[in-house]
Structures are given as C-alpha cells and as structure tokens.
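Okay, here's what each chain looks like letter by letter:
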Amino acid sequence: MRRALSLARRGLGRTSPNPTVGSVVVRDDQIVGEGWHQRAGEPHAEIIAIERAGHAARGATLYATLEPCAHVGRTPPCVDAILAAGVSRVVVATRDPDPRVDGRGIAQLQAAGVELTEGVLGEESRALNRPFFKHVRARLPWVTLKLALSLDGRVTAPGRRYLTGAAARRHVHRMRDHSDAVLVGIGTVLADDPQLTVRDVRGRDPLRIVLDAEARTPSAARVIGNDGRAVVFVREGADGGRTRALRDAGARVVEIPRADGGVDIRAALAWLDAHDVRSVLVEAGPTLAAALLRAAFVDEALFLYAPLVVGDAGLPALGGKLDAIALRESRVFRLGDDVAVQGLVPPD
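None of these values were measured; they are calculated from a predicted model.

A. The arrangement of the packing of aromatic side chains in detail. For the structure shown, the criterion picks out 2 aromatic pairs. When the ring of F132 is compared with that of F133, the centres are 6.3 Å apart and the planes differ by 85°; the resulting orientation is edge-to-face. We note that F132, like F133, is buried. Ring centres of F233 and W271 lie 5.5 Å apart, and the angle between their planes is 85°; on these two criteria the pair is classed as edge-to-face. One end of the pair, F233, is in strand β9 (residues 230-235); the other, W271, is in helix α10 (residues 265-274), with 38 residues separating them in the sequence. Look at F233 and you get buried, because its relative accessible area is 0%. We classify W271 as buried; its relative accessible area is 18%. When the ring centre of W36 is taken as origin, the NZ or CZ atom of R10, which lies over that ring, is 4.8 Å away. Over the ring of Y162 we find R169; its NZ or CZ atom is 4.4 Å from the centre of that ring.

Quick look at the structure:
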C-alpha cells in the first residue's frame, strides 16, 4: 500500500476533478503490475495495474489507495475489470466518499466472492486526497495559504524582492505544480506584478486567479498571460471598460456579489469548485490573507521564515484583527537557510 500511495502522488495536480489514486497487483509476494491515475478521463489506477499484470492478475491481490469505482463515468467501472481479471483479493486504503461509490464498489466485490480488506493506511490516503474529500463534503476547494515572512512577522523588507531563498522558492513552485489554481488579491498584482507560473521546477502551470472587485488589474499584467488560464473575479456591475479590456487581453472575467468592500470570497471559491478546481494555493498579501483566515476559508497554512529581522520598515504579515489559531498536525522543516512551518487550520 505504501508503494501504491507513492504512485498516487505522481498524479498530484493533474487528476482534477478526480482524486489521485495508485494501485499495485501482487502475486506470490511479487509486484506484477502497478499504475496510477494520471489525468481525468484516462484509465484509473486499477485498470492500468491490471493491464500491466496481464495473466498474472488471476488469483492475485490488488492494492488500491481508494475504493474501486462501481459506476460508469468517463471510464468503465473498475470493479468490472477487477472481476474480469480474476483478482482474488482486494486491499483498500479508504472508501471513496463520492455518493456514486461510497461502499458500493466494496459491496460488489464482496458479493462476487472477492476477499476484501479495508482501512490499510487509510489516514495517509485520506490526507493525500483532502481536496477531493472536501469537495464531496462542502463543494468548496481545499485552500492552502502560503506566507513568506521574516522572524519578526514582516512580509516585506527594504531592498529585497524575495525574503526567502532559492530552496524555499523551489518548494513553492512545486506546490503550484501540485495545485489546480493559485490565487492572489489585486493588491499583490499592483505591488508585485507576479506571473504565478511554475518556473523553478519542471511542472505545469495552475490556473491564475485574481480577486479584484473594481477590475483594476492592468490588461498588460503578467498574471493575465497569453494562454487563457487567468480568471479575474470582479464585483457585479464593475466598470465595463476595464472588464472589457481584461477580456480582450485573454482573461476570463467573472462577476460575483460584493461583500465587505471587496468580492464575496465564498462565491469565488464555490465558482472555482464548480469548474473542477479542487485545490487553491493562496499567495496573497496581508489584507486578503487575514480575511481568508477570519472567514475560516483556509484549510492549511505554510509559513516560510527567513533568518531575517526587518523591524518597522516591513509590512506586517497579517493585516487587521485576528483571533489566535493553533495549527494541527504541524511539521517543521528546513528549506536551505529558511524554516518552514506547515499545518492544518482548524475549522471555525
């Protein structure tokens, strides 16, 4: 199952709206086939593993990080392929919460006489697919907030474009590669003109999202790009000339209700979820970051601390009043000279 989980991780950021899944076929204590779900619409992990196992799948044990599907979607049911291959035992890490599955795959396998074991490394599998599980539960994407800051909690320092070093930036670019979308506010766009692309590692670019109530994003801003993968959320009734200019530049402009002097963040997240975005990496400035935390929209946080003290010359990391938050399941690790603290944000 650990091998199957390792395979599943290869699909991070590439399988939405589907979960990431890995599968291994074992016979006589030898792996005879393995695979992972690579993209939505392409074969599921179990199908690939069975095909690679060939005749050796008969009488073998199949390991799957998620319950095999029993319904027809873009691909045929995995349960049918497992039964046709003659697999005698299936080991499942965790059930698929999708109402079309949720125990049906397990029940069909057991009804057909397949020996079934459930719950092996289940927590690890659910952690790998937190965005998918949240989508099923709340119809909202998983939101990860990233902040790079000094030891005294500042996000800017005079004369420095970046607070953190190259290793931390590579880590963030890998996170972009693993995310469906990266989101910023208009303040970040106007102050930094970010690209929000993957450059320091090999990978693919996520959607680029801007919260911009008054449509102030310049049409020449780098975040717009020329690939049609920029979405700008503006308030209903925002200036028509500016919204037209953004559309002409290639951005998708989405009007949503106004809220708290900006746009309704929940409406923006719900729109993203409805458009198959399951994970959002937020690289916002202090105002938006604090607003997301106050509204309990953040599921996970990553704080990247540079070995630097800035003092009053720097901008505080979080703007406005904020109640204390104690991260859960936190871990601390080094990224070059920088120190990362990552953990889950408790629900409100």
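B. The sheet that holds strand β3 (residues 61-64), seen in detail. Read from one edge to the other, the open sheet built from 5 strands follows the order β2-β1-β3-β4-β5, with strand pairing classed as mixed. Single-partner strands in this sheet number two, and they are β2 (30-36) and β5 (115-118). Adjacent strand axes in the sheet meet at a mean angle of 15°, parallel and antiparallel pairs treated alike. Direction of pairing for strand β4 (residues 89-92) relative to β5: parallel, over a ladder of 4 bridges. Its bridge partner being in β5, R89 is matched across the sheet by E115.

C. Inspection of the pairing of strand β8 (residues 207-211) at higher detail. Of all 5 residues in β8, 5 are buried, a share of seventy percent or more. Covered by surrounding structure in β8 are L207, I209 and L211 together with R208 and V210, the residues of both alternating faces. Pairing analysis gives 5 bridges linking strand β7 (residues 181-185) to β8, with the strands arranged parallel. Bridged to V182 within β8 is R208. Following the backbone out of β7, through helix α8 (residues 186-192) and into the adjacent parallel β8, one traces a crossover that is right-handed. As defined by bridge partners, β8 adjoins β9 across 4 bridges and the pair is classed as parallel. Bridge assignment links L211 to a residue of β9, and that residue is F233.

D. Spatial organisation of the pattern of salt bridges. By the definition in use, this model includes 18 salt bridges. In this structure, the salt-bridge partner of R3 is E34, at a minimum N-O distance of 2.7 Å. With R3 in helix α1 (residues 2-8) and E34 in strand β2, this residue pair connects regions lying 31 residues apart in the sequence. You can call R3 partly exposed: its relative accessible area is 33%. Among the salt bridges present, the one from D273 reaches R278, with a minimum N-O distance of 3.5 Å.

E. Examining the packing of helix α2 (residues 45-53) against helix α3 (residues 78-85) more closely. Here α2 crosses α3 at 20°, and the two axes come no closer than 9 Å. The orientation of α2 relative to α3 falls into the category roughly parallel. α3 is crossed by α2, and the crossing has left-handed handedness. Every residue of α3 that contacts α2 at E46, I47 and I50 is listed here: C78, A81, I82 and A85. Partitioning the contact of α2 with α3 into residue classes produces 6 nonpolar, no polar and 1 charged.

Parameters and conventions
Residues numbered from 1 in each chain as written. Predicted model: local features only at pLDDT ≥ 70, side-chain atom pairs only at ≥ 80, totals over all residues. Heavy atoms only, no water. Phe/Tyr/Trp six-rings, centres within 6.5 Å; stacked < 30°, edge-to-face > 60°. Buried < 20%, exposed > 50% of the residue type's maximum accessible area, 1.4 Å probe, protein only. Helix = DSSP H or I, 4+ residues; strand = E, 2+ residues; numbered from the N terminus. Lys NZ or Arg CZ within 6 Å of the ring centre and 35° of its normal. Pairing = 2+ DSSP bridges. Axes fitted to C-alpha atoms, helices over the stretch in contact; angles between N-to-C directions. Right-handed = clockwise from strand over helix to strand, strands pointing away. Salt bridge = Lys/Arg side-chain N within 4 Å of Asp/Glu carboxyl O. Parallel < 35°, antiparallel > 145°, perpendicular 65-115°, else oblique. Left-handed = near helix turned anticlockwise from the far one by under 90°. Contact = heavy atoms within 4.5 Å. Nonpolar A, V, L, I, M, F, W, Y, C, P; charged D, E, K, R; others polar.

Structural measurements only, silent on function.
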